[in-house]
Number of protein chains: 2
Amino acid sequence: MDCNCSEYHCPVDTTLNMIGGKYKALILWHLIDNTLRFGELRKLIPQATPKMMTQQLRELEEDHLINRTVYPVVPPKVEYSLSELGNSIRPILEAMYYWGTDYLTQNGLKASCSMKFPL
Amino acid sequence: MDCNCSEYHCPVDTTLNMIGGKYKALILWHLIDNTLRFGELRKLIPQATPKMMTQQLRELEEDHLINRTVYPVVPPKVEYSLSELGNSIRPILEAMYYWGTDYLTQNGLKASCSMKFPL
DNA sequence: CCGTATCCCGTGCGATACTG
DNA sequence: CAGTATCGCACGGGATACGG
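The numbering scheme is per chain: residues are counted from 1 as the chain's sequence reads. Working convention: letters from A go to chains and numbers from 1 go to ligands, in the order in which they are written. Local features in a predicted model are, by the rule used here, given only for residues with pLDDT of at least 70; side-chain atom pairs are given and counted only at 80 or more, and totals for whole chains, interfaces and linings are based on all residues. The side-chain values count all of the structure's non-hydrogen atoms but skip hydrogen atoms and water molecules.

Draft legend 1. Layout of the overall build of chain A. Helix numbers and strand numbers start at the N terminus; a helix is a DSSP run of H or I with at least 4 residues, a strand a run of E with at least 2. Scanning chain A from terminus to terminus reveals 6 helices and 3 strands. Its helices and strands taken in sequence order, chain A reads α-α-β-α-α-β-β-α-α from the N to the C terminus. Throughout this description, buried means an accessible area under 20% of the type-specific maximum (1.4 Å probe, protein chains only), exposed means over 50%, and partly exposed covers the range between. Scored against the burial criterion, the 119 residues of chain A give a buried share of 45%. Summarising the internal contacts of chain A: among those between residues at least 6 apart in sequence, 46% fall at separations of at least 24. Looking at chain A as shown, the accessible area adds up to about 6200 Å², and 53% of this sits on carbon and sulfur atoms. Contacts between residues were defined by any pair of non-hydrogen atoms, one from each residue, lying within 4.5 Å. Here the open area of atoms and residues is found with the Shrake-Rupley method and a 1.4 Å probe, where only the protein chains shown may cover a residue.

Draft legend 2. Layout of the interface of chain B and chain A. With 38 residues of chain B at the interface, the matching set in chain A holds 38 residues. For the chain B and chain A pair, buried surface summed over both sides reaches about 3600 Å², with 77% attributable to carbon and sulfur atoms. Summed over both partners, the accessible surface that disappears when two parts come together, traced with a 1.4 Å probe, is what is meant by buried area. The largest contributions to the chain B side of the interface with chain A come from Val12(B), Met96(B) and Trp99(B), which together make up 19% of the buried area. One speaks of a salt bridge when a side-chain nitrogen belonging to Lys or Arg is within 4 Å of a carboxyl oxygen belonging to Asp or Glu. Here chain B is connected to chain A by 0 salt bridges. Polar contact criterion, stated in full: a pair of N or O atoms within 3.5 Å, where within protein one must be able to donate a hydrogen and the other to accept it, and residues adjacent in sequence count only if both atoms are side-chain atoms. The tally of links between chain B and chain A comes to 8 residue pairs in polar contact (both at pLDDT 80 or more). Taken together, the elements giving at least two residues each to the side of chain B that touches chain A come down to helix 1 (11–19), helix 2 (24–31) and helix 6 (90–106) of chain B. No other element matches helix 6 of chain B, which puts 11 residues into the side of chain B that touches chain A. When grouped by side-chain class, the residues that make up the side of chain B that touches chain A number 27 nonpolar, 9 polar and 2 charged. Put simply, Ala, Val, Leu, Ile, Met, Phe, Trp, Tyr, Cys and Pro go in the nonpolar bin, Asp, Glu, Lys and Arg in the charged bin, and everything else, Gly too, in the polar bin.

Draft legend 3. A look at the pairing of strand 2 (residues 66–71) of chain A. Alignment of strand 2 of chain A against strand 3 (residues 77–82) of chain A, held across 6 bridges, turns out to be antiparallel. Counted as the bridge partner of Thr69(A) is Glu79(A) from strand 3 of chain A. By definition, two strands form a pair when at least two bridges between them are found by DSSP.

Draft legend 4. Broad picture of the packing of helix 2 (residues 24–31) of chain A against helix 6 (residues 90–106) of chain A. Residues and elements named next belong to chain A. Helix axes use the C-alpha atoms of the stretch in contact, all axes being lines fitted to C-alpha atoms, and the angles between their N-to-C directions lie in the range 0 to 180 degrees. Relative orientation of the contacting elements helix 2 and helix 6 amounts to 100°, with a least axis distance of 10 Å. On the basis of their axis angle, the class for helix 2 and helix 6 is roughly perpendicular. Contacts from Ala25, Leu28 and Trp29 of helix 2 reach helix 6 at Leu93, Glu94 and Tyr97. When the residues that make up the contact of helix 2 with helix 6 are grouped by side-chain class, the tally is 5 nonpolar, no polar and 1 charged. Each angle is binned into one of four classes, with values under 35 degrees roughly parallel, values over 145 roughly antiparallel, values of 65 to 115 roughly perpendicular, and all other values oblique.

Draft legend 5. Representation of helix 6 of chain A. The span expected for a helix works out to 1.5 Å for each residue beyond the first. In a regular helix each residue adds 1.5 Å, so 17 residues correspond to 24 Å; helix 6 of chain A covers 24 Å between its end C-alpha atoms and thus fits that length. Among the residues of helix 6 of chain A, those classed as buried are Ile92(A), Leu93(A), Glu94(A), Ala95(A), Met96(A), Tyr97(A), Trp99(A), Gly100(A), Thr101(A) and Leu104(A). Tucked into the core, helix 6 of chain A has its buried residues touching helix 1 (11–19) and helix 2 of chain A together with helix 1, helix 5 (84–87) and helix 6 of chain B. Gly108(A), located one to two residues past helix 6 of chain A, shows a positive phi value of around 70°.

Draft legend 6. Molecular detail of the sheet that holds strand 3 of chain A. Residues and elements named next belong to chain A. Taken in spatial order, the 3 strands of this open sheet run 1-3-2, and their pairing is antiparallel. A single partner strand is all that each edge strand has here, and the edge strands are strand 1 (36–37) and strand 2. In this fold helix 2 packs onto strand 1, strand 2 and strand 3, with an angle of close to 95° to the strand it touches most, strand 3. Helix-sheet contacts for helix 4 (residues 50–62) involve strand 2 and strand 3, and the interaxial angle to strand 2 is about 115°.

Draft legend 7. Broad picture of the protein's contact with DNA strand D. Close contacts around DNA strand D come from 18 residues, with Lys51(A), Pro76(A), Arg37(B), Arg68(B) and Tyr80(B) the closest. Within the side chain of Arg58(B), an N or O atom sits 3.2 Å from a phosphate oxygen of DNA strand D. Interatomic distance of 3.4 Å between a backbone N/O atom of Pro76(B) and a sugar or linking oxygen of DNA strand D. At the level of elements, helix 4 of chain A together with helix 3 (38–44), helix 4 (50–62) and strand 3 (77–82) of chain B are the ones that each hand at least two residues to the surface near DNA strand D. Here the residues of the surface near DNA strand D sort into 8 nonpolar, 3 polar and 7 charged. One heavy atom suffices: a residue is near a molecule or strand as soon as one of its heavy atoms comes within 4 Å of it.

Laid out in structure tokens, this is it:
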């Protein structure tokens, strides 16, 4: 993988390997300027089953894109937030958001789902 | 899919549905400022089998992101290029490229694979 | 509340061979 | 050269149930 450019690596492919997972970009998007709990993320992305949500969150954590904070209380409380590295992904997500919004409006469809950026 | 935000659509998800395919972003990336033939794309992305390459190209064409031009000659000659819509994706791909490059260099790895943008 | 554990099915996708 | 056709299987990922 990674473009197999001998010992060199392809930047675009590298980025995709980090945020290309099924719900990763969406999760990161929702975490911009937000600290969210597991259940809150599930409500924002209902199509992700708990198993998938856990898996994607774990991978994002392993790649140091998000922070996972466990509060030792009963009932359990776990919060997810962007790490510094995760925050650096922001320009990509914003570019995706803007393009998607343009595309939708030009096709007569309504854009929504967390309005972080006023147009 | 598409965030199931009632009749509204999620821009980020919309974008991902267009360029989230296995080799789509990579193909679009290579097509920036370039018109390429099937075989040339295969050399640039050798990990994509002919079947996958065809599939991804067809989907990109259906989504009007690329143009497919067939020259009725022997031997066959087919050229792929970015459409206007495909070209509008450029900021996203560039953001991915820059982030990937930063990430690689900060981890002591060498970035390469088509140097379109001098840093 | 925040997950993990199992089961299991569809399909994505690689390998290989063939064609106009 | 630029693809199709066929086979086959790993695995992504859904559904459901359970656990600390």
